[in-house]
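Tertiary structure, described
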Amino acid sequence: MAGSNAVDKAARYRQRMQRQKQVVDASIARAGQEKGLLLILTGNGKGKSSSAFGMAARALGHGMRVGVAQFIKGRSDTGEEVFFRQHAEVTWHVLGEGFTWDTQNLEHDSETARKGWSVVQTMLRDATYDLVIIDELTYPLKFGWLDMELVLNDLRQRPFMQHVVITGRGAPDLLCEAADTVTEMRDIKHAFRSGITAQKGIDL
């Protein structure tokens with residue numbers, strides 16, 4: 001009896017997997033279009049920038065050229081920057097001067113963001129960049145330092161096969177609507193709230 005149950009279970013599993021394979025194969029067959037993607041990584045959870053830099057590593061593995069533009073963050077001692085600057089195929093720009101509660105100067109922060117976007121525009125107009133990561137862009141948009149329509153137009157006008165990844169909390173609705181893929185990181189628990197400082201290799 002036990003042997004019969006095992007055979008039946010195996011048969012049901014095989015049938016279920018066959019049905020699933022048919023669904024997956026049909027979805028793959030329908031997804032025949034190729035284009036540069038606009039991806040948004042947002043939400044209050046940890047891992048937005050880390051996910052973006054994971055895609056940078058993936059792109060390098062395929063021999064692609066990567067451009068990185070970091071808004072807000074003013075430090076240049078993060079592990080990812082140290083690592084990726086070793087690769088000739090990566091161009092890395094630190095465009096911020098620290099968090100807004102550090103700078104405390106609205107006009108200066110706005111001017112810094114505008115100058116930073118001019119750097120991003122150069123990459124968005126250069127078809128030799130296969131992937132452009134715009135880290136923490138949501139903040140200059142949310143604070144009104146950058147014009148949303150200008151940003152969206154530059155994104156729309158980029159080379160057809162160029163991929164762009166944008167990170168940051170509170171991604172504006174218009175930006176999400178323009179994106180091909182939007183992922184929201186959920187904050188469930190964070191070591192910082194237990195008094196644990198940022199750790200090398202994990203947070204910076």
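Residues numbered from 1 in each chain as written. Predicted model: local features only at pLDDT ≥ 70, side-chain atom pairs only at ≥ 80, totals over all residues. Heavy atoms only, no water.

On to a positive patch on the surface, then. Taken together, the side chains of K9, R12, R16 and R19 present a region of like positive charge at the surface. With respect to the helices and strands, R12 occurs in helix 1 (residues 2–30). (Patch = residues over 30% accessible without salt bridge, like charges linked within 9 Å, V, L, I, M, F, W, Y side chains within 5 Å. Areas by Shrake-Rupley, 256 points an atom, 1.4 Å probe, with all protein chains shown as cover. Salt bridge = Lys/Arg side-chain N within 4 Å of Asp/Glu carboxyl O. Lys, Arg positive; Asp, Glu negative; His and termini not counted. Charge placed at Lys NZ, Arg CZ, Asp CG, Glu CD. Helix = DSSP H or I, 4+ residues; strand = E, 2+ residues; numbered from the N terminus.)

Moving on to the pattern of salt bridges. Under the defined criterion, the tally for this structure stands at seven salt bridges. The salt bridge involving K35 is made with D180; its shortest N-O contact spans 3.0 Å. Of this pair, K35 sits in the loop between helix 1 and strand 1 (38–43) while D180 is found in the loop between helix 8 (173–178) and strand 6 (181–185), placing the two residues 145 residues apart along the sequence. E81 is paired through a salt bridge with R85; the nearest N and O atoms lie 2.6 Å apart. Linked by salt bridges that have partners in common, E107, E111 and R114 make up one network.

It is worth spelling out unusual backbone geometry at this point. Positioned with a positive phi, E136 is a non-glycine residue whose angle comes to about 65 degrees. Here E136 is to be found in the loop between strand 4 (131–135) and helix 6 (138–142). What makes E136 buried here is its relative accessible area of 9%. (Buried < 20%, exposed > 50% of the residue type's maximum accessible area, 1.4 Å probe, protein only.)

Keep in mind these numbers describe shape, not what the thing actually does.
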